[in-house]
Amino acid sequence: QNYLDNFWPDLKAAHELFDSILQARRERESESQENSRKEYPEHLPVEILEAGIKSGRYIQGTLNVNKHRAQVEAFVRLQGFGGKETG
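As the structure is a prediction and not an experimental result, all values here were calculated from the model.

Below, the discussion takes up the pattern of salt bridges. Applying the stated criterion across every chain, the model contains three salt bridges. The residue K12 makes a salt bridge to E16 at a minimum N-O spacing of 3.9 Å. Taken together, the positions of K12 and E16, both in helix α2 (residues 12–35) and four residues apart, correspond to about one turn of that helix. For E29, the salt bridge identified is with R25, shortest N-O distance 3.3 Å.

Written out as C-alpha cells, the structure is:
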C-alpha cells in the first residue's frame, strides 16, 4: 500500500487491484477462522443427521478408501455389522 501511495499515486488500476487482493485475503482469513473448529465443512446440520440415523433414513459407518487406488476403490463399514457394503 505504501509503495503504491508513494510511487504510483495516480495509477488507479493498481490501487483497485491491491484493494481487491486485500479484500479477498481478509475474506479467506475470516473463513479459515470460522472453519478452524471443523475438520471439513458440514453438508447437513448435525441435528438432521442424528435424527436421520435414529429414524433409519441415514446409516452410520466408516468410510475406508484404498490409498493406492483412492479414485476407484472404497467401501463403507457399517457400525454393528461385520461385513462390508461397497459403493
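Glancing now at a nonpolar patch on the surface. A surface patch of nonpolar side chains, about 480 Å² in accessible area, is lined by Y3, F7, W8 and L11. Mapped onto the secondary structure, F7 falls in helix α1 (residues 2–7).

Turning to the packing of aromatic side chains, a few remarks are in order. A full pass over the atoms with the stated rule returns one aromatic pair. Between Y3 and F7 the ring centres are 5.2 Å apart and the planes differ by 40 degrees, which places this aromatic pair in the tilted class. Note that Y3 and F7 are positioned in helix α1 at a spacing of four residues, about one turn of the helix. You can call Y3 exposed: its relative accessible area is 52%. Given the relative accessible area of 58%, F7 is considered exposed.

Cut-off values and rules
Each residue is numbered by its place in its chain's sequence as written, counting from 1. Side-chain atom pairs in this predicted model are given and counted only at pLDDT of 80 or more, local residue features only at pLDDT of at least 70, and totals for whole chains, interfaces and linings cover all residues. The side-chain quantities take in all heavy atoms of the structure and omit both hydrogens and water. Salt bridges, as used here, are contacts in which a Lys or Arg side-chain nitrogen is within 4 Å of a carboxyl oxygen on Asp or Glu. Runs of E in the DSSP output that reach at least two residues are strands. Runs of H or I that reach at least four are helices, and both are numbered from the N terminus. Note on patches: the residues involved have over 30% relative accessible area and no salt bridge, like charges join within 9 Å, and the nonpolar side chains Val, Leu, Ile, Met, Phe, Trp and Tyr join within 5 Å. Shrake-Rupley sampling with a 1.4 Å probe provides the accessible areas, and residues are treated as covered by the protein chains on show and by no other component. Here a pair means two rings of Phe, Tyr or Trp (six-membered ring of Trp) with centres within 6.5 Å. Their orientation is stacked below 30 degrees between planes, edge-to-face above 60, and tilted elsewhere. Residue exposure (1.4 Å probe, protein chains only): buried if accessible area is under 20% of the type maximum, exposed if over 50%, otherwise partly exposed.

Remember that the coordinates give geometry; whether it matters functionally is a separate question.
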